[in-house]
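Analysis of the macromolecular model
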Amino acid sequence: MPDDRTAVGGDETLEAVLALPPKSTTCVYLYYYEGYRTADIALITGTPASTVRSHLSEARALLKTMLGGERRERP
């Protein structure tokens, strides 16, 4: 029997991903949910791989804030 807390957390995360700006949503979905590499996402979206990595980085920071995670300071 599935754990209801896992399902709810998964729904909350997906809702947060879908609330991101479109460029970020696409990159996050393809990377984390579909398993594409950044180079593949670059080809699919027609953007440079470095831009895809930037979108992913920005999205992670937004998701951390949206989902209540703490932000770690870099040394």
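Structure: see above.
A brief look at the structure comes next. What you see is a predicted model; the values in this text were computed from it and never measured. (Residues numbered from 1 in each chain as written. Predicted model: local features only at pLDDT ≥ 70, side-chain atom pairs only at ≥ 80, totals over all residues. Heavy atoms only, no water.)

**Remarks on helix α3 (residues 38-45)**
Restricting attention to buried positions, one finds in α3 the residues T38, I41 and A42. Along the long axis of α3, the arc covered by the buried residues comes to 105°, so they all point the same way. Next to the buried residues of α3 lie α2 (22-33) and α4 (49-66). Once α3 ends, the next one or two residues include G46, with phi positive near 75°. (Buried < 20%, exposed > 50% of the residue type's maximum accessible area, 1.4 Å probe, protein only. Helix = DSSP H or I, 4+ residues; strand = E, 2+ residues; numbered from the N terminus. Arc of directions from axis to C-beta. Contact = heavy atoms within 4.5 Å.)

**Examining the nonpolar core**
For soluble globular proteins, nonpolar side chains are generally found buried alongside one another. Judged by nonpolar contacts, A16, V17, L20, C27, V28, L30, I41, A42, V52, L56, A59 and L63 together constitute the single largest core of twelve residues. If you list the elements that add at least two residues to this core, you get α1 (4-18), α2, α3 and α4. Per-element accounting of this core gives the leading share, four residues, to α4. If we skip the residues at most four places from it in the chain, C27 touches I41, V52, H55 and L56. (Core = buried A, V, L, I, M, F, W, Y, C linked by side-chain atoms within 4.5 Å.)

**Brief notes about the side chain of T38**
Topologically, T38 is positioned in helix α3. Since its relative accessible area comes to 19%, T38 is described here as buried. For T38, the residues in contact, after removing those within four places along its chain, are Y31, A49, V52, R53 and L56.

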